[in-house]
Amino acid sequence: MTGVSRHVGGVLARRLAADPGVDKVIGVDVIPPPRDLGGAEFIRADIRNPMIGKVIAQGDVDTVVHANVIATPTFAGGRTPQKEINVIGTMQLLAACQKAGSVKRLVVKSTAAVYGSTPRDPAMFTEEMSARRLPSSGFGKDSIEVEGYVRGFARRRPDAEILTLRFANIIGPRIRTSITDYFHLPVIPVPFGYDARLQFIHEDDAIAALARGVTGSATGVINLAGDGVLTVMQAAAITRRPIVMVPLAAAGTIGGLGKRFGLVDFSPDQMSFLAFGRGVDTTAMREAFGFNPSFSTRAAFEDFARTVSPVYPSFDAVTGAVGGIFVATQQVLGRGKR
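The following refers to the structure shown. (Residues numbered from 1 in each chain as written. Predicted model: local features only at pLDDT ≥ 70, side-chain atom pairs only at ≥ 80, totals over all residues. Heavy atoms only, no water.)

A few points about the pattern of salt bridges
Part 1 of the reasoning: Under the definition given, this model contains 15 salt bridges.
Part 2 of the reasoning: Among the salt bridges present, the one from K83 reaches D142, with a minimum N-O distance of 3.5 Å. One end of the pair, K83, is in helix α4 (residues 79–99); the other, D142, is in helix α5 (residues 138–156), with 59 residues separating them in the sequence.
Part 3 of the reasoning: A single salt-bridge network, built from bridges that share partners, covers K83, K141, D142 and E145. (Salt bridge = Lys/Arg side-chain N within 4 Å of Asp/Glu carboxyl O. Helix = DSSP H or I, 4+ residues; strand = E, 2+ residues; numbered from the N terminus.)

Quick notes on the packing of aromatic side chains
Part 1 of the reasoning: If you walk through the whole model with that rule in mind, you get seven aromatic pairs.
Part 2 of the reasoning: Note on Y182 and F183: the rings are 4.9 Å apart at their centroids and 80° apart in plane angle, and the pair reads as edge-to-face. Residues Y182 and F183 agree in their burial class; the two are buried.
Part 3 of the reasoning: Seen in terms of ring centroids, F289 and F291 are 6.2 Å apart; in terms of plane orientation they differ by 50°. Their pairing is tilted. F291 carries the same exposure label as F289, and that label is buried.
Part 4 of the reasoning: Among the aromatic side chains, those forming a connected cluster through ring pairs are Y182, F183, F200, F301 and F304. (Phe/Tyr/Trp six-rings, centres within 6.5 Å; stacked < 30°, edge-to-face > 60°. Buried < 20%, exposed > 50% of the residue type's maximum accessible area, 1.4 Å probe, protein only.)

Examining the pairing of strand β4 (residues 105–111)
Part 1 of the reasoning: Within β4, seven of the seven residues are buried, leaving the element largely enclosed by the surrounding structure.
Part 2 of the reasoning: Neither face of β4 is open: one carries R105, V107, K109 and T111, the other L106, V108 and S110, and all of them are buried.
Part 3 of the reasoning: Relative to β4, strand β3 (residues 63–66) is paired through four bridges, and the arrangement is parallel. Bridge pairing links T63 to R105 in β4.
Part 4 of the reasoning: As paired strands, β4 and strand β5 (residues 161–167) are joined by seven bridges and run parallel to one another. Counterpart to K109 in the pairing with β5 is L165.
Part 5 of the reasoning: Crossover handedness for the path β4 to α5 to β5: right-handed. (Pairing = 2+ DSSP bridges. Right-handed = clockwise from strand over helix to strand, strands pointing away.)

Observations regarding helix α7 (residues 203–215)
Each full turn of the α-helix corresponds to 3.6 residues, which orients residues three or four apart in the same direction.
Part 1 of the reasoning: Over its 13 residues, α7 runs 19 Å from end to end, which matches the ideal 18 Å to within 8%, given 1.5 Å per residue.
Part 2 of the reasoning: Most of α7 sits inside the fold, with 10 of its 13 residues counted as buried.
Part 3 of the reasoning: For α7, every residue scored as buried is listed here: E203, D205, A206, I207, A208, A209, L210, A211, G213 and V214. (Expected span 1.5 Å × (residues − 1).)

Structural notes on the nonpolar core
Part 1 of the reasoning: Ranked by size, the top nonpolar core spans 33 residues in total, and within it L12, L165, F167, I222, L224 and F289 carry the most contacts.
Part 2 of the reasoning: Of all the elements in the fold, those that place two or more residues in this core are α1 (7–17), β5, α7, β10 (220–224) and α11 (283–287).
Part 3 of the reasoning: Here this core takes seven residues from α7, the largest share from any one element.
Part 4 of the reasoning: Residues contacting F167, with those up to four places away along its chain left out, are K109, S110, T111, A112, I201, A206, A209, L210 and L224.
Part 5 of the reasoning: Core analysis: the second largest hydrophobic core is formed by 24 residues, I47, I52, F139 and A160 among them. (Core = buried A, V, L, I, M, F, W, Y, C linked by side-chain atoms within 4.5 Å. Contact = heavy atoms within 4.5 Å.)

Things to note about the environment of N169
Part 1 of the reasoning: On the secondary structure map, N169 appears in strand β6 (residues 169–171).
Part 2 of the reasoning: Owing to a relative accessible area of 25%, N169 belongs among the partly exposed residues under this scheme.
Part 3 of the reasoning: For the pair N169 and L198, spaced 29 residues apart in sequence, the C-alpha separation works out to 8.4 Å.
Part 4 of the reasoning: Dropping the residues within four chain positions of it, N169 is found in contact with I179, Q199, F200, I201, F273 and R278.

What to know about the layout of surface pockets
Part 1 of the reasoning: Empty space within the second largest pocket amounts to approximately 530 Å³.
Part 2 of the reasoning: Lining the second largest pocket are 23 residues; nearest its centre among them are K24, V25, V61, D62 and T63.
Part 3 of the reasoning: For the lining of the second largest pocket, the secondary structure elements donating two or more residues are β1 (26–29), α2 (52–58), β3 and α7. (1 Å grid on protein atoms, 1.4 Å probe; cavity = no way out; pocket = protein on both sides within 12 Å on 5 of 7 lines; lining within 4 Å. Points joined across faces, edges and corners; volume = space filled by probe spheres on them.)

If you want it as C-alpha cells, here you go:
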C-alpha cells in the first residue's frame, strides 16, 4: 500500500492490518508515517524508484493499493515533485505490478476532479462520461494521466482485477486538503455571480470504501460521494465565515496570492471548480459496489466545520447582544424620565 504517511493511507493500513481476512500489510512511503500503523509493516521506499519492484516481489504481494496520488503541491514540496510522485511514481509502480505474477488485484484511489468543471457540465457525471474540458493543471490533470496508465496496465495484465475509486472531495475533522484550507480562510473569496454545487465524502467513509475495495471483488470505475450537495455560500455560512465576491477573471490572481502567503494552494482548475462546481452520480456506488456512506455531503461538511473557529459570532449571539443593548437603553431612558 502506497501513501501511508498521510491520514487516509495511515488509518487504512492500520484498519486492514487488524482485519482477520488480511494476512499481511506492507505500507510504503518516502517519509515515516506520523501515526502508528498498528500491525502493518512500514518500508521506506520511493515509488518513483524501480526498487519498488523488489518490495512487491519480496513481499509476495497479491493486492496493491495505490493511495499516493497527492492532491496538494505544498504537501509534496511543490508542483514539480507533486507531478513526479503522481505520474512517474504511478508508472514505476504499475511497471512493478506488471512484472510481479503474484499481483492479482489493484485498487486505485482517484478523484472526481478527472471530470473537470465547466459551465457545460451535466448535472451529474456518471462513470462512463468524460470531462467536457480536460483539467489543464494540478491534481485533476495528474489523475487523468494516472487513470490512463491504469487502463494501459489493464490491457497488459487482463488477469488482474482493477478497481478505480473516484472520490468527491474528502473532508473531515482530521484531514487537511486544499478545500479544507480554503474554508479556513478568514474571508472566503467566491467568484462573482456563481454559487457552485459541491459534493463531499467524509474521511471515515472514504477509508471504509477503500477497505471494502481491497477486501471485496468489485472491479471497474466507481464514483463515491455523500448524499446531496452544498453550495459554496451555504458551506461558508456553516463555517460562519464572511465571503467576498471576486471577478472570476481575478480568481487565479487571488489563488496565487493565497499560495504566496501560505494560506491556500489552488490551481486554476480548482478555482473553476469553485465557480462551476461538480456533481457525480453514485448509483454504481450503491448498486455495483454495495457501499452506502454514513455521512451525507452536508453532515460530512458540518463535522469538518466543528474544527473551524468562527470569524464572527453566531446570529443568536448577535441578536442577544443587540437585545441586551436595547433593554439597557430602555432602562437608562426610564430612569432619566423618573
